[in-house]
Amino acid sequence: MSILSVVPSAGQHLIRLDDAIYLKRDGVLSRLPDGATFDDLLKLPLDELRRLVEQDRPPAALPAGAVIEAPIQSQEVWAAGVTYQRSLEARTDEAVSADPYDRVYTARRPEIFFKATAGRTRGPGQAVFIRSDSTWDVPEPELAVVCNSRLEVVGYTIGNDISSRSIEGENPLYLPQAKVFDGCCSLGPAVALAWDFSPLDRKIELEIHRDAAVVYESATTTSAMRRSIPELVEYLGRDQRFESGFILLTGTGIVPPADFSLRELDEVTIRIDGIGVLKNPIRRHAS
Ligand code: DO4
Ligand code: MG
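Just so it is clear, the structure is predicted and the values come from calculations on it, not from any experiment.

Procedures and definitions
Residues numbered from 1 in each chain as written. Chains lettered and ligands numbered in written order. Predicted model: local features only at pLDDT ≥ 70, side-chain atom pairs only at ≥ 80, totals over all residues. Heavy atoms only, no water. Near = heavy atom within 4 Å. Polar contact = N/O pair within 3.5 Å; in protein donor to acceptor, adjacent residues only side chain to side chain. 1 Å grid on protein atoms, 1.4 Å probe; cavity = no way out; pocket = protein on both sides within 12 Å on 5 of 7 lines; lining within 4 Å. Sits in = over half its atoms within 2 Å of the grid points. Nonpolar A, V, L, I, M, F, W, Y, C, P; charged D, E, K, R; others polar. Phe/Tyr/Trp six-rings, centres within 6.5 Å; stacked < 30°, edge-to-face > 60°. Lys NZ or Arg CZ within 6 Å of the ring centre and 35° of its normal. Helix = DSSP H or I, 4+ residues; strand = E, 2+ residues; numbered from the N terminus. Buried < 20%, exposed > 50% of the residue type's maximum accessible area, 1.4 Å probe, protein only. Donors = N, O, S within 2.8 Å, 3.2 Å for Na, K, Ca; no water. Axes fitted to C-alpha atoms, helices over the stretch in contact; angles between N-to-C directions. Parallel < 35°, antiparallel > 145°, perpendicular 65-115°, else oblique. Left-handed = near helix turned anticlockwise from the far one by under 90°. Contact = heavy atoms within 4.5 Å. Points joined across faces, edges and corners; volume = space filled by probe spheres on them. Pairing = 2+ DSSP bridges. Domains from an automatic or database assignment. Buried area = accessible area lost by both parts, 1.4 Å probe. Salt bridge = Lys/Arg side-chain N within 4 Å of Asp/Glu carboxyl O.

**Student:** Go over the site of ligand 1, please, and point to the residues and values.
**Tutor:** Every one of the 16 residues lining ligand 1 counts as a neighbour, but V82, S87, E111, K179 and T252 are closest to it. In this structure, an oxygen atom belonging to ligand 1 sits 2.6 Å away from a side-chain N or O atom of S87. A distance of 3.0 Å is found between an oxygen atom of ligand 1 and a side-chain nitrogen or oxygen belonging to D161. The cavity that encloses ligand 1 is the largest cavity. The class makeup of the residues in the shell around ligand 1 is five nonpolar, four polar and seven charged.

**Student:** I'd like to hear about the packing of aromatic side chains, residue by residue, with values.
**Tutor:** By the definition in use, this model includes five aromatic pairs. One Lys or Arg, R202, reaches over the ring of F197 and ends 4.0 Å from the middle of that ring.

**Student:** Tell me what's going on with unusual backbone geometry, and back it up with residues and numbers.
**Tutor:** Look at the link from G188 to P189: it is a cis peptide, with omega at 0°. Residue D211 is not a glycine yet carries a positive backbone phi of 45°. Considering the arrangement of structural elements, one finds D211 in the loop between β14 (203-210) and β15 (213-221). D211 gets classed as exposed once you look at its relative accessible area, which sits at 74%.

**Student:** Outline the coordination of the magnesium ion (ligand 2), listing residues and values.
**Tutor:** In an ideal octahedron of six donors the angles at the metal are 90 or 180 degrees, and in an ideal tetrahedron of four donors they are 109.5 degrees. Looking at the magnesium ion (ligand 2), the protein donor atoms are E140 (OE), E142 (OE) and D161 (OD), and they sit 2.0 to 2.1 Å from it. When the donor residues of the magnesium ion (ligand 2) are listed from N- to C-terminus, their spacing reads E-x1-E-x18-D. Residue E142 is found in strand β10 (residues 141-147), and its partner D161 is found in strand β11 (residues 153-161); the two are separated by 19 residues along the sequence. Assessed through its relative accessible area of 0%, E142 is described here as buried. Look at D161 and you get buried, because its relative accessible area is 0%.

**Student:** Break down the packing of helix α3 (residues 85-94) against helix α4 (residues 99-106) for me, with residues and values.
**Tutor:** Packed helix pairs are specified by the crossing angle of their axes together with the interaxial distance, meaning the distance between the axes. As a packed pair, α3 and α4 sit with axes 9 Å apart at the nearest point and diverge in direction by 165°. Of the possible angle classes, the one that applies to α3 and α4 is roughly antiparallel. The chirality of how α3 crosses α4 is left-handed. Of the residues in α4, those touching α3 at Q85, L88, R91 and T92 are Y101, D102 and Y105. The class makeup of the residues in the contact of α3 with α4 is three nonpolar, two polar and two charged.

**Student:** Quick one: what's the story with empty space enclosed by the protein, residue by residue and with numbers?
**Tutor:** According to the stated counting rule, one finds one cavity of 30 Å³ or more in the structure shown. Taken as a whole, the largest cavity encloses approximately 80 Å³ of empty space. Around the largest cavity, the lining comprises 16 residues; the ones closest to its centre are G81, V82, R91, E111 and K179. Among the elements of the structure, β5 (76-81), α3, β6 (111-116) and α6 (175-179) are those that each provide at least two residues to the lining of the largest cavity. Partitioning the lining of the largest cavity into residue classes produces five nonpolar, four polar and seven charged.

**Student:** Which residues make up the sheet that holds β15, and what values go with them?
**Tutor:** If you trace the five strands from one edge of the open sheet to the other, you get β8-β18-β17-β14-β15, paired in mixed fashion. Since the sheet does not close on itself, it has two edges, and those belong to β8 (128-130) and β15, each with one partner. Adjacent strand axes in the sheet meet at a mean angle of 25° when their direction is disregarded. Where β8 lies against strand β18 (residues 276-284), three bridges are found, and the strand directions are parallel. Looking at the pairing, F129 lines up with R283 of β18.

**Student:** Explain the layout of surface pockets residue by residue, including any values.
**Tutor:** One number sums up the size of the largest pocket: a volume of about 200 Å³. Every residue along the wall of the largest pocket is listed here: M1, S2, I3, S5, V6, V67, I68, P124, G125 and K279. Looking at the lining of the largest pocket residue by residue, the classes come out as six nonpolar, three polar and one charged. Residue-level mapping places the lining of the largest pocket at the junction of two domains, with at least three residues from each of domain 1 (3-69) and domain 2 (76-284). For the second largest pocket, the calculated volume is near 150 Å³. If you go around the second largest pocket, the residues you meet are V153, Y156, P199, L200, D201, T222, S223, M225, R227, S228, I229 and P230. When grouped by side-chain class, the residues that make up the lining of the second largest pocket number seven nonpolar, three polar and two charged.

**Student:** Please give an account of the domain arrangement of the protein chain that cites residues and values.
**Tutor:** Assigned domains within the protein chain: domain 1 (3-69) and domain 2 (76-284). Across the contact, 22 residues belong to domain 1 and 24 residues belong to domain 2. Summed over both partners, the interface of domain 1 with domain 2 comes to about 1900 Å²; 63% of that surface belongs to carbon and sulfur atoms. Counting the surface domain 1 buries against domain 2, the share from its top three residues, Q12, L42 and L46, is 32%. One can count zero salt bridges joining domain 1 with domain 2. Only β1 (12-17), α1 (38-41), α2 (46-54) and β4 (68-69) provide two or more residues apiece to the side of domain 1 that touches domain 2.

So this is what it looks like as C-alpha cells:
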C-alpha cells in the first residue's frame with residue numbers, strides 16, 4: 001500500500017516527503033519548486049502562497065523509499081487548553097484544585113501554552129514518548145492550525161499533544177513539565193490547505209492499540225470546541241512576531257477514562273476527516 005494512502009485523495013494537501021514539499025491534489029502528486037521549504041512558504045502572504053502552490057506543474061512520481069515527515073521546520077508549536085467540555089471534566093477530576101480550569105473554560109482569555117519545537121516533534125510512524133517520571137499518560141488528538149507570519153491560517157494538520165496527567169494533576173504549575181519533553185508531540189500526515197478545507201464540524205477519532213487489540217477508542221467533532229480558531233490565533237499573535245509562522249493545537253475533546261494510561265509499545269491512531277491519519281508508536285523515556 002502506498003505511504004500516501006494516509007492522506008485523502010480529495011482536496012489539496014501539502015506533504016513533506018524527505019526534504020521536499022509536494023502537493024497532493026485530487027490524488028495527483030506534484031513537487032513544489034526546488035528548495036521550497038515550510039519556512040519560505042509561511043513567510044508568504046496567503047494569496048501568494050496559493051498562487052505558488054496552484055501553479056501548473058507536471059505530475060511527480062513518489063520518490064523511491066520516501067517517508068512522510070512532520071509538516072514543520074523552524075515553527076514553534078503552541079497549544080490551547082480546556083477548549084472542550086471533556087477536557088474541562090478530565091482536568092477538574094485530576095487536579096488538586098479545579099478552580100483554574102473552571103475559570104479558564106469560560107474566561108475571555110483562552111489558555112495557550114508553549115508545546116514543542118521541531119526537534120521535539122515527530123512525524124507519522126515515528127515513536128512518540130511518555131516521560132520516565134510520569135505514571136499517568138494520555139494522547140490528546142487535536143486539530144492543528146498552521147499559520148503564516150501574518151497570522152493568516154494557511155491550513156490544518158493533525159496534532160497529538162501527549163500529556164502527563166500525573167504531573168499536571170499534582171500541581172497546575174507543573175504544566176510545562178507535563179507537556180514539553182523530547183518526542184512530546186506528533187504532527188502530520190499533511191496540511192489540508194485553508195482555501196479548500198473548512199475546520200467546522202470535522203470528526204476527530206482516536207484509537208489506541210495494545211498487543212493487536214483496540215484498548216481505547218473514541219470520537220468527537222470540532223463543533224464541540226468552545227473557542228473559535230480566529231480567537232485562538234488572535235490571542236497567540238498578540239504582542240509577538242512569528243517570522244516563519246507557527247502551529248497551534250486547538251485542544252482535545254477526547255480524554256480516556258481515569259483508569260487508562262498509555263504504555264510502551266501502544267500505538268496511537270488519530271484520524272481527522274479531510275486531513276488524514278496520524279499513527280505513532282509509544283515509547284517511554286529511560287529513567
Ligand atoms: O490545561 C491544561 C492542558 C489542556 C489541554 O492540553 C487540552 O485541553 O487539550
Ligand atoms: Mg491538549
